[in-house]
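Coordinates in review
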Amino acid sequence: MVLEGNPEVGCPRTSDLQHPGNSGSCVLSSGEDVQPGEEPIKYGELIVLGYNGCLASGDKGRRRSRLALSRRPHANGVKPDVMHHISTPLVSKIGRSTENMIDFVVTDTSPGGGTTEGPSTQSTISRYACRILCDRRPPYTARLYAAGFDASSNIFLGERAAKWRTPDGLMDGLTTNGVLVMHPAGGFSEDSAPGVWREISVCGNVYTLRDSRSAQQRGKLVENESNVLQDGSLIDLCGATLLWRTPAGLLRAPTLKQLEAQRQEANAARPQCPVGLSTLAFPSPARGRTAPDKQQPWVYVRCGHVHGYHGWGCRRERGPQERECPLCRLVGPYVPLWLGQEAGLCLDPGPPSHAFAPCGHVCSEKTARYWAQTPLPHGTHAFHAACPFCGAWLTGEHGCVRLIFQGPLD
């Protein structure tokens, strides 16, 4: 099934996301051109969860952990036009990530901020991951769509893809592993709560989730919900999850300068190891997440007691990271603390008071509690809460722990 698009009449794409080596497409918007010398309009940003501000190999070209969407100088896109039934689908050349119609490239994210990209790795992200349409006039509404495109910018769905004819005569369908979206209740703010995960179709209709990501039977149509992205909406591509932030939402979000001020204020309090009595300090973001230095704070993630590094209390029968806290005797993972550096993932500029378990990424209480209660899709059936900064699955009763520092004795 192919829905041919007319790029002369449609609207400009704002973002095409896909796995390397797979197909891409165009995206719709309205048809007003940008005048010469006019300042580009920013529609919003997509933040890839699990990288804490930068890809492991560095943000380069179309591969980056934070993707800014802006209005193009000229309208360019597709629209539903003519339907063709193709008896030999292999004749249709599938688009590749090297083509210029692909705006951004995303790879499968593995816990710890790495990628599973490699010649022997089978990606779970569809060849064409998703498309986003942004209106070129205020309020610059952004809408999410699922589709597969070939090299000629025609919407293309494989023979086994779930597809059907809509009441108005158009063809609709779902990609192999689906494009899911979750709109938070209360926006993305201090009062936010996770919403319900839904699946988005080629035409942008909203459906309940299938029995599994690749099931042939679609879910039920949800008529009172839309594909319009809100500040804080999560987009899951079955291998990578992205957070949508609007310009207004980014203005409310903490800045890197504020996060740095919080780090310096925490270090100025001169927290000490309650046993070794050494002064602890969060490392500078410029140093990156390398091997912990001698001032690095460590935490027992079951109780939250913060120490300097020490080698005692090991419980090797329970695992190499299992230690017994010398203050309360609780046994659990003992890990270094790292500040969350992707400001767009934070709900407020609160002090770094909580850490995710078991990875040790630190952020404000409200940010930690929000992500700890947000289930993220994993595989074809499962949902797990995960650290937004590194992608590690959260453990323990609450998924995060309040940090207990000891101040200086003088």
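The name that an unreviewed UniProt entry assigns to the protein chain is E3 ubiquitin-protein ligase pellino homolog, with the source organism given as Jaculus jaculus. As recorded by UniProt, the Catalytic activity (unreviewed entry) comment attached to the protein chain reads in full: "S-ubiquitinyl-[E2 ubiquitin-conjugating enzyme]-L-cysteine + [acceptor protein]-L-lysine = [E2 ubiquitin-conjugating enzyme]-L-cysteine + N(6)-ubiquitinyl-[acceptor protein]-L-lysine."

Concerning the sheet that holds strand β20 (residues 306–307)
The strands that make up a sheet pair up through hydrogen bonds in the backbone, lying either parallel or antiparallel. If you walk across this open sheet you meet the four strands as β20-β19-β22-β21, and the pairing is antiparallel. A strand with exactly one partner marks an edge of an open sheet, and here the two such strands are β20 and β21 (322–324). With two bridges connecting them, strand β19 (residues 298–300) and β20 associate as antiparallel partners. By the bridge assignment for β20, Trp 298 is matched with His 307.

Some points on helix α3 (residues 365–372)
Restricting attention to buried positions, one finds in α3 the residues Thr 367, Ala 368, Tyr 370, Trp 371 and Ala 372. The elements touched by buried residues of α3 are β14 (179–182), β17 (234–236), β18 (241–245), β24 (354–356), β25 (361–363) and β28 (400–402).

Digging into a nonpolar patch on the surface
Together, Val 275, Trp 312 and Leu 327 make up an exposed nonpolar region whose accessible area comes to about 270 Å². Relative to the assigned elements, Trp 312 resides in the loop between β20 and β21.

Some details on the pattern of salt bridges
All told, the structure shown has 13 salt bridges when counted by the stated rule. A salt bridge links Lys 366 to Glu 190, with the nearest nitrogen and oxygen atoms 2.9 Å apart. With Lys 366 in helix α3 and Glu 190 in the loop between β14 and β15 (197–200), the pair connects residues that are 176 residues apart, well separated along the chain. A relative accessible area of 39% places Lys 366 in the partly exposed class. The partly exposed category is assigned to Glu 190, whose relative accessible area is 42%.

Rules and cut-offs
Residues numbered from 1 in each chain as written. Predicted model: local features only at pLDDT ≥ 70, side-chain atom pairs only at ≥ 80, totals over all residues. Heavy atoms only, no water. UniProt positions renumbered as here; feature names shortened; annotations may be inferred. Pairing = 2+ DSSP bridges. Helix = DSSP H or I, 4+ residues; strand = E, 2+ residues; numbered from the N terminus. Buried < 20%, exposed > 50% of the residue type's maximum accessible area, 1.4 Å probe, protein only. Contact = heavy atoms within 4.5 Å. Patch = residues over 30% accessible without salt bridge, like charges linked within 9 Å, V, L, I, M, F, W, Y side chains within 5 Å. Areas by Shrake-Rupley, 256 points an atom, 1.4 Å probe, with all protein chains shown as cover. Salt bridge = Lys/Arg side-chain N within 4 Å of Asp/Glu carboxyl O.

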